Amino acid sequence: MRCEHTVLERLPGANVGSNAPYVPSEYLIKHATERWERREAARLRRSVFCTEQGLFEGSDADAIDRIATLIVAVSCVSGMPEQVVGTVRIHETQPGVWHGSRLAVQLDYRGMALLGSELIRMAVSTAHGRGAHRFVAQVQAQNVPLFRRLHWQSLGEISLHGRPHHTMQASLYHYPPCFIGEAGIVSTLRAAA
């Protein structure tokens, strides 16, 4: 089974600030295969988790990075990859049990193009394609409604890095197995009607 092509729409009130001279019309959601993709994903994570949220000091890197599959959302110009604007990582903790973590979308791209949702879909579908029978994540409390809309359920509240989180589990039924993660899927952006 192949991953489905998804059309992404720009959401009303999108926050594309002065750092974005244009609004890309195309995004590639894929496994990070290039050195620059990994470097830019690490930069984005530092920006979100260290600078913006203050969850870590200096770096959010940990031992999981060595074993995780890194997934990125790359903005494209004329079909050519240009900039990493979102990222997430997944890893298997025991046979068939997968975890997602470090979901981040660049500030200027939040609220548009559904990039967070697309990264979640690629993450869970990739794990499903690799034999997952369970996929969980520790989700910041403010993001729980998004995950619920994407067919996740809360298994309970926890505190992580001094912030409220939920341990959540994806309903794999809603995430067909994906076997083309390295090639990725192209998603286009349409202006909202």
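Structure: above.
Residues numbered from 1 in each chain as written. Predicted model: local features only at pLDDT ≥ 70, side-chain atom pairs only at ≥ 80, totals over all residues. Heavy atoms only, no water.

Engineer: Outline the overall build of the chain, listing residues and values.
Structural biologist: Across its full length, the chain holds 3 helices and 9 strands. Looking at the chain residue by residue over its 193 residues, the buried ones come to 45%. In the chain, the share of contacts with a sequence separation of at least 24, taken over all contacts with a separation of at least 6, comes to 68%. (Helix = DSSP H or I, 4+ residues; strand = E, 2+ residues; numbered from the N terminus. Buried < 20%, exposed > 50% of the residue type's maximum accessible area, 1.4 Å probe, protein only. Contact = heavy atoms within 4.5 Å.)

Engineer: Which residues make up the pairing of strand β7 (residues 152-160), and what values do they have?
Structural biologist: Where β7 lies against strand β8 (residues 163-170), 8 bridges are found, and the strand directions are antiparallel. In the strand pairing of β8, G156 is matched with T167. If you look at the hairpin formed by β7 and β8, you'll find 2 residues sitting between the two strands, and H161 has a positive phi there, around 55°. (Pairing = 2+ DSSP bridges.)

Engineer: Now, about the nonpolar core: what can you tell me, with residues and values included?
Structural biologist: The biggest cluster of nonpolar side chains holds 30 residues, and the ones touching the most others in it are I71, L115, V124, F135 and W152. Those elements giving two or more residues to this core turn out to be β2 (26-31), β3 (69-77), β4 (80-94), β5 (97-105), α2 (115-129), β6 (134-140), α3 (144-149) and β8. Not counting residues up to four positions away in its chain, the partners in contact with V124 are F135, W152, A170, L172 and Y175. The next biggest cluster of nonpolar side chains, apart from the first, holds 15 residues, and it includes A32, C50, F56 and V72. (Core = buried A, V, L, I, M, F, W, Y, C linked by side-chain atoms within 4.5 Å.)

Engineer: With reference to specific residues and values, describe the pairing of β2.
Structural biologist: When you tally the buried positions in β2, you get 5 out of 6 residues, the bulk of the element. Bridge count for β2 against β3 is 6 bridges, and the pairing is antiparallel. When the sheet's bridge partners are listed, Y27 is paired in β3 with S75.

Engineer: Describe in detail the pattern of salt bridges, supporting the description with residues and values.
Structural biologist: What the rule picks out here adds up to 11 salt bridges. Residue E40 is joined to R43 by a salt bridge in which the shortest nitrogen-to-oxygen separation is 2.7 Å. With a gap of 3 residues between them, E40 and R43 both fall in helix α1 (residues 35-52), about one helical turn apart. Residue D65 pairs with R89 through a salt bridge whose shortest N-O separation is 2.7 Å. Here R89 lies in strand β4 and D65 lies in the loop between α1 and β3, a separation of 24 residues in the sequence. Salt bridges sharing partners connect three or more residues here, namely R45, D60, D62, D65, R89 and R102. (Salt bridge = Lys/Arg side-chain N within 4 Å of Asp/Glu carboxyl O.)

Engineer: Now, about α2: what can you tell me, with residues and values included?
Structural biologist: Taking 1.5 Å as the rise per residue, α2 with 15 residues should run 21 Å; its terminal C-alpha atoms sit 21 Å apart, in good agreement. Most of α2 sits inside the fold, with 12 of its 15 residues counted as buried. Listing the buried residues of α2 in full gives L115, G116, S117, E118, L119, I120, M122, A123, V124, S125, T126 and A127. (Expected span 1.5 Å × (residues − 1).)

Engineer: How would you sum up α1? Please name residues and give values.
Structural biologist: Taking 1.5 Å of rise per residue, the 18 residues of α1 would be expected to cover 26 Å, and the 24 Å separating its terminal C-alpha atoms lies within 8% of that figure. The set of residues buried in α1 consists of E37, A41, L44, R45, V48, F49 and C50. Looking at the buried side of α1, the elements it contacts are β2, β3, β4, β5 and β6. Downstream of α1 by a residue or two, G54 has a phi angle that is positive, lying close to 65°.

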